[in-house]
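Chains, contacts and geometry: an overview
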Amino acid sequence: MNLSSLIKRVANAYPEKLAIIEDEEKISYQQLWQEIESLSNALKLIGIRKNTRVAIILPNCKEFIYSFLALLNITAIAVPLKPQMTCWELNGIFKNCTPKALILTPSLLNKILGEKPFLLKNKIIILKEEKHEIRIMDKNGYLENVTLHTFCTLLKMGKEQGTRKRRIQTPPRQVASINYTYRGYGYPLGAMLTHNNYIHGAYNYIRHRKSSPDETVLLVLPCNHILPLVGCILVPLLVGGKIALLDSYSPKHILRAISSFNVNILVMVPTLFHILVNYYRNEKHDISSLKYGISGGSFMHFQLSKLIKDKMNLDIIQGYGLTECQPVTCNFLTNNKPDTLGFPLHNVQIKIIDEKENDCGTDRIGEILIKTSQTMLGYYRNKSDTKKVIKNGWFYSGDYGKLDEDGYLHFKGLKKDIVKVGGNVIDLLEIKKCILFIDGIKNIIFDIQDDDLWGSKIRVNLWVDSNCVNYSSNDVKKFLGEYLSLYKIPSEIIIWENK
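For the structure given in this document, a descriptive report is provided here.

What counts as what
- Residues numbered from 1 in each chain as written.
- Predicted model: local features only at pLDDT ≥ 70, side-chain atom pairs only at ≥ 80, totals over all residues.
- Heavy atoms only, no water.
- Axes fitted to C-alpha atoms, helices over the stretch in contact; angles between N-to-C directions.
- Helix = DSSP H or I, 4+ residues; strand = E, 2+ residues; numbered from the N terminus.
- Left-handed = near helix turned anticlockwise from the far one by under 90°.
- Contact = heavy atoms within 4.5 Å.
- Nonpolar A, V, L, I, M, F, W, Y, C, P; charged D, E, K, R; others polar.
- Salt bridge = Lys/Arg side-chain N within 4 Å of Asp/Glu carboxyl O.
- Pairing = 2+ DSSP bridges.

So, on to the packing of helix α10 (residues 270-279) against helix α11 (residues 302-312). Between α10 and α11, whose axes approach to 10 Å, the crossing angle comes to 35°. Here the hand of the crossing between α10 and α11 comes out left-handed. In this structure, α10 uses Pro270, Phe273, His274, Leu276, Val277 and Asn278 to contact α11, whose residues at the interface are Leu304, Leu307, Ile308, Lys311 and Met312. Looking at the contact of α10 with α11 residue by residue, the classes come out as eight nonpolar, two polar and one charged.

Here you go:
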């Protein structure tokens, strides 16, 4: 079954109901499906076909939702990426998935034109804004042989085709998206998620948290991440709920959105909850519409959930998931254990194994293994790494945990060579590879420190040749900024002379 066709059913059932709120714009389910259908028509007209890979590199906006669902509607493959990525990072991903088209903002297009214009070669470019509203800095004419469209022109083109009855066969293993993540190998891995994966994952989530058409969910986390993609976009749209879009991490804007849009469900990472609870003032901010919050992305310690409950009177239910498996555990509103990752969702099996792969049973720490119909097909164009993590139907998470006697999962650390900073996955080997681009570096030692706000902080010690000791910490950070997204750059760099 096609995931988008399920959204169409909801649109037919609730045509006048609000689906999306973005700033002052309100979009009904009927309008939502019309935009998806029009964009689907246009994408086919410009050469997007079944299994064509299209990179969506957009911030939180309605155009991301239209693009993602329109691509799935025609069985193309969405590749959701962060717009904050550097051109070096984009190049690595493009080499792996070779997208035919890019959906992006003019500012990112200008950045690519200035740094790595070859990334645009033979690509179809779709811009979020209208041409008359933007200035494209194409001094060297790199776009002369590139097909360039805007969102508005595509929607107009698609509307002229009218409504079509689509009979597109969508087998259960049809890839819907390639979602990039890390496991500490030094390079990104593209998890192939199918329509079936998404359907099972979203409905599992709906069943567990008893989602309803009356709910309004705030989309504040980056929409390319698996938690907001499933929990803040697909789940509300599959039950006839509302999505309130916000492209800001400011606590002031989050609290204003909660009040203005009567948000019921707040899905965030611990870092954002930490910032929010410290900014919140009971006499100043109205959050009476909130039913509860959901925390994911990284582990929330009990002290923070207690602070939120005491100060904001808001219950936080914590869950656990991965890009490769979507949400796999979540706490209940009743019988909530805030210091745990929750209980396995429907038809999700969890077991803990030791180093010899023996089952640890309860109350013993080991690696978390997952078996579920939500598990990815594998990593795109990477059979060897797929075989490392999927064995006999079990997904090896690379995370340590234990199960208590009630079946709740407890988080006990990371086995793989990654760090979570503010809910973002950071591959230490990737950082190391980039540092070694600098002449004179002889040794690198990471020192990962716990941090109440960010979860972890990355500190790195560098030993350099005596003729290079004039490097400063800022010099290294500036250099890394050419290669790595800002959140990956170590917070502290200490330089030592190699004697």
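Structure's up, so let's keep going.
Moving on, we come to the pattern of salt bridges. A full pass over the atoms with the stated rule returns 19 salt bridges. In this structure, Lys62 and Glu25 form a salt bridge, with 3.3 Å as the shortest nitrogen-oxygen distance. Here Lys62, found in helix α3 (residues 62-73), pairs with Glu25, found in strand β2 (residues 25-28); they are 37 residues apart in sequence, far enough to count as distant. Through salt bridges that share partners, Glu22, Glu25, Lys62 and Glu63 make up one connected network.

Once that is clear, we can look at the sheet that holds strand β26 (residues 455-464). Read from one edge of the open sheet, three strands run β25-β26-β27, paired in mixed fashion. Where the open sheet ends on each side, the last strands, each with one partner, are β25 (441-451) and β27 (492-497). Recorded for the sheet is a direction-independent mean angle of 20° between the axes of neighbouring strands. In terms of strand pairing, β26 meets β27 through six bridges, oriented parallel. Within the sheet, the bridge partner assigned to Trp463 lies in β27 and is Trp496. Of the strands in this sheet, β26 and β27 are in contact with helix α14 (residues 473-481), which crosses β27 at around 120°.

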